[in-house]
Structures are given as structure tokens and as C-alpha cells.
Amino acid sequence: MLSRRENGAGVIATERIDEWFAAGERVEAGGLRLFERVAGSEGAPWLTLLHGFPTCSWDWSPVADGLAAARRLLMFDFAGFGDSDKPRDHVYSIHEQADLTEALWRRHGIERTALVVHDYGVSVGQELLARRAEGALEAEIERIAFLNGGLYPDLHRPLIAQRLLLHPTAGPMFSRTVNERAFLRSLTRVFAHRPSDADLHQHWLGIARHGGARIQHLLIRYIEDRRRHAERWTAALERTDVPRRFVWGMLDPVSGAHMAERIAARMPPAELHALADAGHYPQLEAPLRAGLLLREFVAP
């Protein structure tokens, strides 16, 4: 087992990533094999958790047990991430990931679910909200909690490595040559408190699994998806009648306090909970506080 320490508030344990994958399974959805893990009591109302870039569903390990006390959890790796298929000749998009989310809902017979979304997952969440507003979503979203992500693309501040990956020439070259040390050096910049070397290595194992380090330039296209669909996704976010809660790491250099200011200005009825000493990954950096805020919100 690994441990992640909550600043001044105790210690929370989490599984190694190989243990996480061993407790789930790879299932077919949309012509791909996706890793999924289901937890919680059968018959409990569903909660779907959507992870961020460039990591995977293992990000939810510190908060999963607490959430599973009252909900049936569906946690999975998007196509191209974690233990899911990572084809190199594939066009990855937020719309496809939303399609895959719906395919897994159909597989489990999910007609209603709460959502918790982070980073890359916030865009999938916005696309699902847009489909709901258009009457095109089969399942009902009961409520949705957002953790740090680029809800407003004009405020998103990508890292240097992300800008390199987006470049049409440099991106594929960077993906081919990147190693664990270089990649994780970039990842640590979004944390307010540097994770342990052991935790960072676990993240790398998920990223590099099935050759995933070599397709990062394909996965990063989600930033262009956000720009292209900004108006539709922003409208879906701001106008929805689905209850929203924002659990936000304010020290995140990519989408932190500056994003929270826009959230507060544009959506005053929504609940914004600022974690003053957390960065981009509240569920990893402040799992006790973030977990409590999420449990309160999604309690049936």
C-alpha cells in the first residue's frame, strides 16, 4: 500500500496502481476495451467518476471508499488512458469519450447517476450536460461535482509540455522521446505539494501502460476540442438546472484561483468550495477534505 498525507489532517492510504487494475476488468465499449471498476453496494444509486489528463481512474483511489459508502461507483479509464486500449492510429476526442461514458451506462443499465469530474473529465461532463439540454442524453444526471479543470478555455493555462504536445511537428517527437523523469517533472508543477516519488511512479505506470506515453500528442487534442466547442459547453455549464458543486484547488497554476473567480462570477447560485492550499488534484492533495465535500454533495 501507498500513503498520501493530508496536510495537517491525518493520513489516507491508497492502493498501488497494479492493485487498482487487478480489482477491475476490461470491458468492450464502442469497439474498444476499457478498464472499469465498480464499487459500493448493489442497488445503491449510481455515481460516475470521470478522471483527468494524463492520468487515469486511479486518481479516485483516496476518495473511492468514502464515496462507495452511499453510492454504487462506476470508475473507468477513458480510451487512451490507464488500462484501457490505446490505439496509435486513433482520433481521440471529448465527444467520443462522452459516447463511451454513455455506452458504459447502457452496459450497466444506468438510467440515473450523479457525476464527479476532474480536468479532462470536466469537458466530458460539459458535453454530457449539453446533450441533456438538447434532449439527447439517455440517462439523467442527478447532480455534478467539478474538480479543477478548464471549464473556461480562455482562462486555461497549459504547461509548456502541453503546448509542445499540441504542436503538429514537435508533439509526435516529444511523445516518442519522453521518459518517466521528464514527464513527471512536468506533472509535479500542477501540485501545490510535490507527491512522493513512489506516488509519481504509480502515475507513470498508468500513463505508460500499453504504450500510452507514445500517444500523448493524440490525447492532448482535447484542448482544441475545448476551444472549438467553448460556446456550447459554457452555455451548458452555466444554464443547466442540474445541481453543481465546485471543489477547487486554488494553487493550481493551470486552472486554479483565476478559474474559480470566473465560476463565482458567472454561477453565483452554484456551490464553490475553495481549498486554499491544494493544487490541480484536490482528491490527491486534500483527500479528506475533498472527499467529505464530495460525499456531502452526492449523498442520496
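Preceding this paragraph is the structure being described.
1. What about helix α14 (residues 287-298)?
For the α-helix, the turn length of 3.6 residues means that residues three or four positions removed from each other point alike. Taking 1.5 Å per residue, 12 residues should reach 16 Å; α14 reaches 16 Å between its end C-alpha atoms and fits that length. Those residues of α14 that fall on the buried side of the exposure criterion are P287, A290, G291, L293, L294, F297 and V298. Seen along its axis, α14 keeps its buried residues to an arc of 165 degrees; they face one direction.

2. Considerations on the pattern of salt bridges
Per the stated rule, a full pass over the model turns up 24 salt bridges. Between R131 and D99 there is a salt bridge, and its shortest N-O distance comes to 2.9 Å. You can see R131 sitting in helix α4 (residues 120-133) and its partner D99 sitting in helix α3 (residues 94-108), a full 32 residues away along the chain. Classification of R131 as buried rests on a relative accessible area of 9%. Overall, the relative accessible area of 42% leaves D99 in the partly exposed class. Two residues, R228 and D225, come together in a salt bridge whose shortest N-O distance is 3.1 Å. One end of the pair, R228, and the other, D225, are both in helix α10 (residues 222-228), three residues apart, so they sit about a helical turn from each other. Ionic contacts of the salt-bridge type, sharing partners, join the residues D99, E102, E127, R131, E134 and R232 into one network.

3. Examining the nonpolar core
Ranked by internal contacts, the top residues of the largest apolar core, which has 55 residues, are L128, F146, L151 and F246. The contacts of F246, once residues within four sequence positions are left out, are F146, L151, L237, I263, M267, A270, E271, L272 and H273. Counting residues in each nonpolar core, the second largest holds 29 residues, with V116, L147, V247 and A290 among its members.

4. Overview of the pairing of strand β4 (residues 32-39)
Counting buried positions along β4 yields six of eight residues, so the element is predominantly enclosed. Between strand β3 (residues 25-29) and the antiparallel strand that follows it, β4, lie two residues; G30 among them carries a positive phi value of about 60 degrees. Judged from the four bridges that link them, β4 and strand β6 (residues 72-76) form a sheet pairing that is antiparallel. Its bridge partner lying in β6, R37 is registered against M75.

5. What about the side chain of S61?
Relative to the elements of secondary structure, S61 occurs in helix α2 (residues 61-68). In this structure S61 comes out as buried when scored by relative accessible area, which is 8%. In terms of polar contacts, S61 uses its side chain to reach the backbone carbonyl oxygen of W58, at 2.8 Å.

6. Observations concerning α3
Relative to the 21 Å expected for 15 residues at 1.5 Å per residue, α3 spans 21 Å between its end C-alpha atoms, a close match to the ideal helical length. For α3, the complete set of buried residues consists of I94, E96, Q97, A98, L100, T101, E102, A103, L104 and W105. One or two residues past the end of α3 sits G109, with phi positive at roughly 65 degrees.

7. Here we look at the sheet that holds strand β5 (residues 46-50)
Taken in spatial order, the eight strands make up an open sheet running β3-β4-β6-β5-β7-β8-β9-β10, and their pairing is mixed. Two strands lie at the open edges of the sheet, namely β3 and β10 (271-275), each paired on one side alone. Between one strand and the next, the sheet's axes are offset by a mean angle of 25 degrees, whatever the strand orientation. Of the pairings in the sheet, the one linking β3 to β4 comprises five bridges and is antiparallel in character. When the sheet's bridge partners are listed, E25 is paired in β4 with E36. Packing against the sheet, α3 makes contact with β3, β4, β5, β6 and β7 (112-118), and its axis sits at approximately 55 degrees to β4.

8. A few points about unusual backbone geometry
A cis amide bond links F53 with the next residue in sequence, P54, at an omega value of 5 degrees. Position of P54 relative to the elements: it lies in the loop between β5 and α2. With phi around 55 degrees, D119 is a residue other than glycine that occupies positive phi space. Of note, D119 is situated in the loop between β7 and α4.

9. Here's the deal with the packing of aromatic side chains
Under the criterion given, the structure shown has 12 aromatic pairs. Ring centres 5.4 Å apart and planes at 85 degrees place the aromatic pair F76 and F78 in the edge-to-face group. The class of F78 is buried, set by a relative accessible area of 0%. Pairwise contacts between aromatic rings join F53, F76, F78, F81, Y120 and Y222 into one cluster. A cation over a ring is seen here: R262 above Y152, with NZ or CZ 5.0 Å from the ring centre.

10. With respect to the environment of G40
Relative to the helices and strands, G40 resides in the loop between β4 and β5. Between the C-alpha atom of G40 and that of L67, which follows or precedes it by 27 residues, the distance is 8.2 Å. When neighbours within four sequence positions are excluded, G40 is seen to be in contact with A68, R71 and R72.

Here is what the cut-offs are and how they apply
What you see as residue numbers is a count from 1 along each chain, following the sequence as written. At least 70 in pLDDT is required for a residue's local features to be given in this predicted model, at least 80 for side-chain atom pairs to be given and counted, and no such filter applies to totals for whole chains, interfaces and linings, which use all residues. Calculated side-chain values reflect all of the structure's heavy atoms, with hydrogen atoms and water omitted. Helical segments are the DSSP runs of H or I of at least four residues, strand segments are the runs of E of at least two, and each set is numbered from the N terminus. Each residue after the first adds 1.5 Å to the expected span of a helix. Each residue gets one of three labels from its accessible area relative to the maximum for its type: buried under 20%, exposed over 50%, partly exposed in between, using a 1.4 Å probe on protein chains only. Directions drawn from the helix axis to the C-beta atoms are what define this arc. We count a salt bridge whenever a side-chain nitrogen from Lys or Arg sits within 4 Å of a carboxyl oxygen from Asp or Glu. We call a set of buried Ala, Val, Leu, Ile, Met, Phe, Trp, Tyr and Cys residues a nonpolar core when their side-chain atoms join them within 4.5 Å. Should any heavy atoms of two residues lie within 4.5 Å, those residues are counted as being in contact. Two strands make a pair as long as DSSP finds a minimum of two bridges between them. In protein, a polar contact requires one atom able to donate a hydrogen and another able to accept it; more generally it is a pair of N or O atoms within 3.5 Å, and residues adjacent in sequence count only if both atoms are side-chain atoms. Whenever a helix is involved, its axis is fitted only over the stretch in contact; in every case the axis is a line through C-alpha atoms, and angles between N-to-C directions fall within 0 to 180 degrees. Each aromatic pair joins two rings of Phe, Tyr and Trp (for Trp, the six-membered one) with centres within 6.5 Å, and gets the label stacked for planes under 30 degrees apart, edge-to-face for over 60, and tilted for any other angle. Criterion for a charge above a ring: Arg CZ or Lys NZ at most 6 Å from the ring centre, at most 35 degrees from the ring normal.

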